[in-house]
Amino acid sequence: MTHTAHFKVWRGDAEGGGLADYDIEVNEGEVVLDIIHRLQATQAPDLAVRWNCKAGKCGSCSAEINGRPRLLCMTRMSVFDPAETVTVTPMRAFPVMRDLVTDVSFNYTKAREVPAFVPPPELEPGEYRMMQEDVGRSQEFRKCIECFLCQDTCHVVRDHEENKPAFAGPRFLMRVAELDMHPLDAAAESGLDRKRTAQEEHGLGYCNITKCCTEVCPENIKITDNALIPLKERAADRKYDPLVWLGNKIRRRGE
Ligand code: SF4
Ligand code: SF4
Ligand code: FES
């Protein structure tokens, strides 16, 4: 079945822009990205949109649909009432380049700030052994497609550019959590305290566990429950554990 839908699509660039109106054909089984492509083919050949896989796996087509961060290729037109206006805007937390395309380099900067896995010095690659439970825990985080919808939705940076330097965002705090719970990560032995850096360098304290990031994750990763809250608990244990406190005090005196 075919119907005509009313779309509002944000058009513009870093200098400014606004919503443009389009009436456009919608066919059964289509997703919002299909409609954006039809707009390009019929009414707006210069409409900029980033996409690659059209299968929810590359993480490129992130935008906001009726104000909610979503993947354009995984949002079925059937979820909207045929009479409803569908509004498509670029991700709000990142600077617009053109139309629906944003500059997401903030995320690459934050990715580089998280120190990589530290291999255990006593083991050769191939000798690593882990409990299945530990493998399973980090595998959930490994499903991330780097769409940055969680980063876009997090209120800490969504309308607060000033918080960006001090806050890694849910995707990269999840990465810190993953490494911190990795049984073979030798960061501590090499002098890197991931719990301390989570607090002091990646802004874990800014997160007030609202779970908005979890709600928009297309991979259904339980970012808050399985990564951020456990990381907060471990960071708090570290801070208030009397032995850790004593150890830190002795270490500081010896410095
Ligand atoms: S749970 Fe934390 S990281 Fe996730 S959206 Fe809320 S404040 Fe941001
Ligand atoms: S954690 Fe989920 S929402 Fe965040 S970047 Fe990865 S896949 Fe996207
Ligand atoms: S085009 Fe790849 S996730 Fe949408």
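No experiment lies behind these values; they were computed from the predicted model shown. For every chain, the first residue of the written sequence is number 1, and numbering continues from 1 along that sequence. Working convention: letters from A go to chains and numbers from 1 go to ligands, in the order in which they are written. Local features in this predicted model are restricted to residues whose pLDDT is 70 or higher, and side-chain atom pairs enter the listing and the counts only when it is 80 or higher, whereas totals over whole chains, interfaces and linings include all residues.

Asks: Describe the overall build of the chain, and please don't skip the residues or the numbers.
Replies: We count a stretch as a helix when DSSP gives it H or I for four or more residues in a row; a strand needs E for two or more, and each element gets its number in order from the N terminus. Summing up its helical and strand segments, the chain has 10 helices and seven strands in all. Taken over the C-alpha atoms alone, the chain extends approximately 70 × 40 × 30 Å along its principal axes.

Asks: I'd like a description of the pairing of strand β4 (residues 68-71), backed by residues and values.
Replies: Where strand β3 (residues 62-65) meets β4, four bridges bridge the pair, whose relative direction is antiparallel. Directly across from Ser62, in β4, lies its bridge partner Leu71. Two strands pair if DSSP finds at least two bridges between them. Counting the residues in the hairpin turn of β3 and β4 gives two residues, including Asn66, whose phi is positive at 50 degrees.

Asks: If you had to explain the domain arrangement of the chain to someone new, which residues and values would you point to?
Replies: Throughout, the edges of the domains are those of an automatic or database domain assignment. Taken domain by domain, the chain holds domain 1 (3-102) and domain 2 (105-254). Each of domain 1 and domain 2 has a C-alpha centre, and the two are 32 Å apart. Here contacts are defined at the residue level, using C-beta atoms placed from the backbone and a cut-off of 7 Å between them. Contact with domain 1, which involves 12 residues of that partner, is made by 13 residues of domain 2. By the convention adopted, Pro, Cys, Tyr, Trp, Phe, Met, Ile, Leu, Val and Ala count as nonpolar, Lys, Arg, Asp and Glu as charged, and the other residues, Gly among them, as polar. Classifying every residue of the side of domain 1 that touches domain 2 by side-chain character gives seven nonpolar, three polar and two charged.

Asks: Got a sec to walk through the site of ligand 1? Specific residues and values, please.
Replies: Each residue receives a C-beta atom built from its backbone; the residue is near a molecule or strand if that atom lies within 6 Å of it. All residues in the neighbourhood of ligand 1 are listed as Cys154, Val156, Pro170, Cys207, Asn208, Ile209, Thr210, Lys211, Cys212, Cys213, Thr224 and Leu228. Those elements giving two or more residues to the shell around ligand 1 turn out to be α8 (212-216) and α9 (223-240). The residue inventory of the shell around ligand 1, partitioned by class, reads eight nonpolar, three polar and one charged.

Asks: Break down the nonpolar core for me, citing the residues and quoting the values.
Replies: The term nonpolar core refers to a group of buried residues, namely Ala, Val, Leu, Ile, Met, Phe, Trp, Tyr and Cys, whose C-beta atoms join them within 7 Å. Residue burial here comes from a neighbour count, namely the number of other C-beta atoms, placed from the backbone, that lie within 10 Å of the residue's own C-beta, with 20 or more meaning buried, 12 or fewer meaning exposed, and in between meaning partly exposed. Counting 51 residues, the largest nonpolar core has Leu173 and Leu231 as its most contacted members. For this core, the secondary structure elements donating two or more residues are β1 (3-13), α1 (32-42), β5 (85-89), α4 (149-153), α5 (155-158), α6 (170-180), α8 and α9. Lining this core are residues from two domains, each supplying at least three of them: domain 1 (3-102) and domain 2 (105-254). Beyond its immediate stretch of four places on either side in the chain, Leu173 contacts Ala168, Ala198, His202, Leu204, Cys207, Ala227, Leu228 and Leu231.

Asks: Outline the site of ligand 2, listing residues and values.
Replies: In the region of ligand 2, 14 residues are neighbours, and Cys144, Cys147, Leu149, Cys150 and Cys217 sit closest. Here the residues of the shell around ligand 2 sort into 11 nonpolar, no polar and three charged.

Asks: How would you explain the environment of Pro90 if you had to name every residue and give the values?
Replies: Relative to the elements of secondary structure, Pro90 occurs in the loop between β5 and β6 (96-98). Note: C-alpha distance between Pro90 and Val79 (11 residues apart in sequence) is 20 Å. Excluding residues within four positions of it along the chain, Pro90 makes contact with Trp10, Ala63, Val96, Leu100, Val101 and Thr102.

Asks: Break down unusual backbone geometry for me, citing the residues and quoting the values.
Replies: A positive phi is found at Lys54, a non-glycine position, where the angle reads about 55 degrees. By the secondary structure assignment, Lys54 is in the loop between α1 and β3. A residue is classified by how many C-beta atoms lie within 10 Å of it, and Lys54, with 17 of them, is partly exposed.

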